[in-house]
Amino acid sequence: MKKVTALLLAMLLCFTALAGCSQSEPQGSGAPPSNPPQNSSSPSEPVTITVWHDGDEGIMQTIAGQINAQLADDQITVVFEKKTDMPNQLKLYGSDASNAPDMYFYAHDVLGSFVAMDIVAPLSDVVDTSILANHLPMTVEAGQIGGTQYLLPVYFETLVFLYNKTLWEGDIPGTTEELYDYMVAHTDTAAGTYAVVNQHTNAYNVSPFINGFGGYIIDENAKPGLTDSRTIEAATYNQKFGALQADGDYNTVTTLFNEGKAAAIIGGPWLVSGIEAAGIDYGIASLSDIKLPNGSGLAPFSGIQGAGVLKVALAKKDALAKVLTAMASPEVGVDLANKSGCAPANNKSYDDPQVTANEMIAVIQKTASTAQPMPNIPEMGVMWGPVETMLTAINKNGADPAQAAADAQAAAEQAIADMQ
């Protein structure tokens, strides 16, 4: 009996030892671990998604608040970190997995540089781009390079027609020729009073004319279009308006309007705080409603703010997909509109009556029908100087538009060549 008992005890000890070896077998042996490691983006573990920006803190916190509320059950937290000169910070650290953020939030016009550096991932690598199905087409286009979507548009801004209700007489003209006639009748340069002021030597502020005439500053292949006949036609047409708009300097035109010496100004939502501080009762009209002689509405540039994903963060793909989906939701746009006065990129956000009640937002949404995204290729960065030189030569120095365009085209082409 003792022998049987001893034999059974020996067998039990052997079995226990073998079981212990099986549990501690290395993963490389082919046997599956008893507790496989969790994906870093699994909802069963907390995940933090870091987003770099250098924008308005209030806007970023509004976005973060809405996303974090939507993803609370997934244990995903989005944290926005402000970085001074964020684009250059990203160029330095965007491929460094230990220092780069997971995402960035910025205007679309730097996208080309990031793509050229190969630091951002196509959205399709992370999430189904059908999440953009309800977004305004213009904002979606702004986030593409070569037909590939890299940026999730969240909100946008563009130029509008702001007018002083006390000074402006009658309706806002429906054509640029009617607008010009109004300006002639209501401008007294000797007295320093103006009907309409605009930064008429600034490429962004003259873009409504250039784009509306079918001209262009630079195309997607990095070819400057300053000598295009339509660009020259637009610059020539803009010249007669510039003659009735003071010197076109930003500080000059904004001061004239805020001091009640100009009845209207072409500008954006960034002017509103100063206008309201000046106590002006103002109205807003869409530039797209003002038609050029060719029948097209004025077509200003637009800046689109949105988010991109860093390639070094793709290990968090599942969490990133949830963040992007939440960021694309109408609720984010509604919150931004109601709390910060931003025009949402998601068209569904405008179903909210409080959003459409905001006059500025409603006008910007309408202007999206003709507005064009600023070119997002790297070469656009060197175009501002030559265009301003061209417009200054035409509007202030009386230069021949064709010659001024030829000189500016040559300067632009050289600046692009120097980038190589």
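The structure displayed is predicted, hence computed values, not measured ones.

**Some points on the packing of aromatic side chains**
According to the stated counting rule, one finds 12 aromatic pairs in the structure shown. Between Trp168 and Tyr182, the ring centres sit 4.0 Å apart and the planes meet at 15 degrees, which makes this aromatic pair stacked. With a gap of 14 residues between them, Trp168 in the loop between strand 8 (160-164) and helix 6 (176-186) and Tyr182 in helix 6 connect regions that are remote in the sequence. The buried category is assigned to Trp168, whose relative accessible area is 7%. Overall, the relative accessible area of 10% leaves Tyr182 in the buried class. Judged by centre distance (5.5 Å) and plane angle (70 degrees), the ring pair of Tyr180 and Phe241 falls under edge-to-face. Linking Tyr180 in helix 6 with Phe241 in helix 8 (residues 229-242), this pair joins segments that are 61 residues apart in sequence. Judged by its relative accessible area of 2%, Phe241 is buried. Following the ring pairs from residue to residue traces out a cluster consisting of Tyr180, Phe209, Phe213, Tyr237 and Phe241.

**Observations regarding the pattern of salt bridges**
Applying the stated criterion across every chain yields a total of 8 salt bridges. In this structure, Asp74 engages Lys322 in a salt bridge whose closest nitrogen and oxygen atoms are separated by 3.7 Å. Of this pair, Asp74 sits in the loop between helix 2 (57-70) and strand 2 (76-82) while Lys322 sits in helix 11 (residues 317-327), and the two are 248 residues apart along the sequence. A salt bridge links Asp118 to Lys311; the shortest N-O distance between them is 2.5 Å. Of the two residues, Asp118 sits in the loop between helix 4 (111-116) and strand 4 (120-121) while Lys311 sits in the loop between strand 12 (301-310) and helix 11, which places them 193 residues apart along the sequence.

**A word on the nonpolar core**
Of all hydrophobic cores here, the largest spans 48 residues; its most connected members are Phe161, Trp168, Val196, Phe209, Ile217, Met383 and Met390. Among the elements of the structure, strand 8, helix 6, strand 9 (194-197), helix 7 (203-212), helix 8, strand 10 (262-267), helix 15 (384-395) and helix 16 (401-418) are those that each provide at least two residues to this core. If near-sequence neighbours (up to four positions away) are discounted, Met390 is found in contact with Leu226, Ala235, Ala404, Ala405 and Ala408. Residues Ile49, Leu71, Ala321 and Ala328 belong to the second largest nonpolar core, which totals 36 residues.

**Re the sheet that holds strand 11 (residues 282-285)**
Strand order in the open sheet formed by 4 strands is 9-10-8-11, and the pairing between neighbours is mixed. Strand pairing shows two members of the sheet lacking a second neighbour, strand 9 and strand 11, which therefore form its edges. The mean angle between the axes of side-by-side strands here comes to 20 degrees, regardless of whether they run parallel or antiparallel. Judged from the 4 bridges that link them, strand 8 and strand 10 form a sheet pairing that is antiparallel.

**Structural notes on the environment of Leu167**
Mapped onto the fold, Leu167 is located in the loop between strand 8 and helix 6. Spatially, the C-alpha atoms of Leu167 and Ala262 are 8.1 Å apart, while their sequence positions differ by 95 residues. Setting aside anything within four residues of it in sequence, one finds Leu167 in contact with Tyr182, Gly260, Ala262 and Ala263.

**Topic: empty space enclosed by the protein**
In this approach a probe as big as a water molecule rolls over the atoms, and the regions it shows empty are the leftover space. Overall, the coordinates contain 3 cavities of 30 Å³ or more when judged by the stated rule. If you add up the space inside the largest cavity, you get close to 50 Å³. Every element with two or more residues in the lining of the largest cavity is listed here: helix 9 (250-258) and strand 10. Residues of the lining of the largest cavity, tallied by class, amount to 7 nonpolar, 5 polar and no charged. Taken together, the residues that form the lining of the second largest cavity break down as 7 nonpolar, 2 polar and no charged.

Conventions used here
- Residues numbered from 1 in each chain as written.
- Predicted model: local features only at pLDDT ≥ 70, side-chain atom pairs only at ≥ 80, totals over all residues.
- Heavy atoms only, no water.
- Phe/Tyr/Trp six-rings, centres within 6.5 Å; stacked < 30°, edge-to-face > 60°.
- Helix = DSSP H or I, 4+ residues; strand = E, 2+ residues; numbered from the N terminus.
- Buried < 20%, exposed > 50% of the residue type's maximum accessible area, 1.4 Å probe, protein only.
- Salt bridge = Lys/Arg side-chain N within 4 Å of Asp/Glu carboxyl O.
- Core = buried A, V, L, I, M, F, W, Y, C linked by side-chain atoms within 4.5 Å.
- Contact = heavy atoms within 4.5 Å.
- Pairing = 2+ DSSP bridges.
- Axes fitted to C-alpha atoms, helices over the stretch in contact; angles between N-to-C directions.
- 1 Å grid on protein atoms, 1.4 Å probe; cavity = no way out; pocket = protein on both sides within 12 Å on 5 of 7 lines; lining within 4 Å.
- Points joined across faces, edges and corners; volume = space filled by probe spheres on them.
- Nonpolar A, V, L, I, M, F, W, Y, C, P; charged D, E, K, R; others polar.

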